[in-house]
Amino acid sequence: MRVLVVEDEPYLAEAIRDGLRLAAIAADVAGDGDTALELLDVNAYDIAVLDRDVPGPSGDEVARHIVASGSGMPILMLTAADRLDDKASGFGLGADDYLTKPFEMRELVLRLRALDRRRAHSRPPVREIAGLRLDPFRREVHRDGHYVALTRKQFAVLDVLMAAEGGVVSAEALLERAWDENADPFTNAVRITVSALRKRLGEPWVIATVPGVGYRIDTGTGGGDRGADRGGGAEVGGGGARG
């Protein structure tokens with residue numbers, strides 16, 4: 001999951017971003033409305049977390065922009081205003097949820113997970129494909145009934161790959177969905193993480209590389225190509241993605 005956090009208090013914004021990353025949620029931060037609108041124009045987000053009182057276009061105006069775009073992106077209003085009238089006006093603008101400051105990071109994460117689940121209501125909360133079972137709420141992965149311990153980044157990458165249901169996901173798309181805007185587009189992080197994830201999941205390899213295109217979950221019986229992470233042309237780094 002990738003979210004946009006619009007918050008003008010630097011320390012709070014940083015704390016939210018770091019807390020979400022610990023929960024395997026990529027977060028980009030905008031300190032004002034203009035930056036938020038720019039980020040919305042160039043990136044695809046799953047959810048927007050909006051402080052209503054930010055410089056430039058307000059959080060309310062950003063919410064109107066999101067609703068008018070027709071993207072269906074859920075909006076969580078994050079504000080110190082706790083009066084019922086304030087909440088009513090926020091919901092009237094198109095907000096899907098409301099969280100009043102101060103709040104517990106765990107509650108924010110739970111609310112974001114719930115919004116993401118409702119956004120993709122046709123998708124089961126627990127993903128299952130090719131013998132893999134991924135529970136995003138418990139942050140657990142099992143293969144053929146056996147628990148597999150993953151790092152936060154490995155979990156996020158696997159989540160994106162499993163959501164594609166066997167479709168190919170480019171390294172650039174993985175970088176966008178499992179990392180955030182601060183990720184270096186020339187890094188080898190995607191290749192290294194996929195390689196480590198493949199080994200964690202064990203043989204037969206279930207993550208296949210499509211040379212020059214990207215990665216996918218192999219839904220066949222043979223698993224992924226054992227050496228597919230070497231020279232497959234799907235990596236980001238060493239001069240950029242090769243295609």
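Residues numbered from 1 in each chain as written. Predicted model: local features only at pLDDT ≥ 70, side-chain atom pairs only at ≥ 80, totals over all residues. Heavy atoms only, no water.

- By the naming in an unreviewed UniProt entry, the chain goes by Response regulator transcription factor and is assigned to Nocardiopsis changdeensis.

1. Some remarks on the UniProt feature "modified residue: 4-aspartylphosphate" (unreviewed entry) in the chain
Thought 1: When the UniProt feature table is mapped onto this chain, "modified residue: 4-aspartylphosphate" (unreviewed entry) is found at Asp51.
Thought 2: Look past the residues within four positions of aspartate 51 in its chain and what remains in contact with it is Val6, Glu7, Asp8, Gly59, Leu78, Thr79 and Lys101.
Thought 3: A distance of 3.0 Å separates the side chain of aspartate 51 from the backbone nitrogen of aspartate 53, its partner in a polar contact. (UniProt positions renumbered as here; feature names shortened; annotations may be inferred. Contact = heavy atoms within 4.5 Å. Polar contact = N/O pair within 3.5 Å; in protein donor to acceptor, adjacent residues only side chain to side chain.)

2. Quick word on the sheet that holds strand S3 (residues 47-50)
Thought 1: Across the sheet, which stays open at both edges, the five strands sit in the order S2-S1-S3-S4-S5 with parallel pairing between neighbours. Edge positions in the sheet fall to strand S2 (26-30) and strand S5 (97-100), since each has one partner strand and no second. The mean angle between the axes of side-by-side strands here comes to 20°, regardless of whether they run parallel or antiparallel.
Thought 2: Relative to S3, strand S1 (residues 2-6) is paired through four bridges, and the arrangement is parallel. Opposite valine 3, over in S3, you have isoleucine 47 as the bridge partner.
Thought 3: Its contacts with the sheet put helix H1 (residues 10-22) on S1, S2 and strand S4 (75-79), and the angle it makes with S2 is roughly 170°. (Pairing = 2+ DSSP bridges. Helix = DSSP H or I, 4+ residues; strand = E, 2+ residues; numbered from the N terminus. Axes fitted to C-alpha atoms, helices over the stretch in contact; angles between N-to-C directions.)

3. Quick notes on the pattern of salt bridges
Thought 1: Summed over all chains, the structure comprises twelve salt bridges.
Thought 2: A salt bridge links arginine 127 to aspartate 159, with the nearest nitrogen and oxygen atoms 2.6 Å apart. Note that arginine 127 is positioned in strand S6 (residues 127-129) and aspartate 159 in helix H6 (residues 152-163), a separation of 32 residues in sequence. For the pair formed by arginine 127 and aspartate 159, the shared burial category is buried.
Thought 3: The partner of arginine 133 in a salt bridge is glutamate 128, with the nearest N and O atoms 4.0 Å apart.
Thought 4: Accessibility expressed as a relative area gives 59% for glutamate 128, which makes it exposed.
Thought 5: Within this structure, Glu7, Glu9, Asp51 and Lys101 form a network of salt bridges that share partners. (Salt bridge = Lys/Arg side-chain N within 4 Å of Asp/Glu carboxyl O. Buried < 20%, exposed > 50% of the residue type's maximum accessible area, 1.4 Å probe, protein only.)

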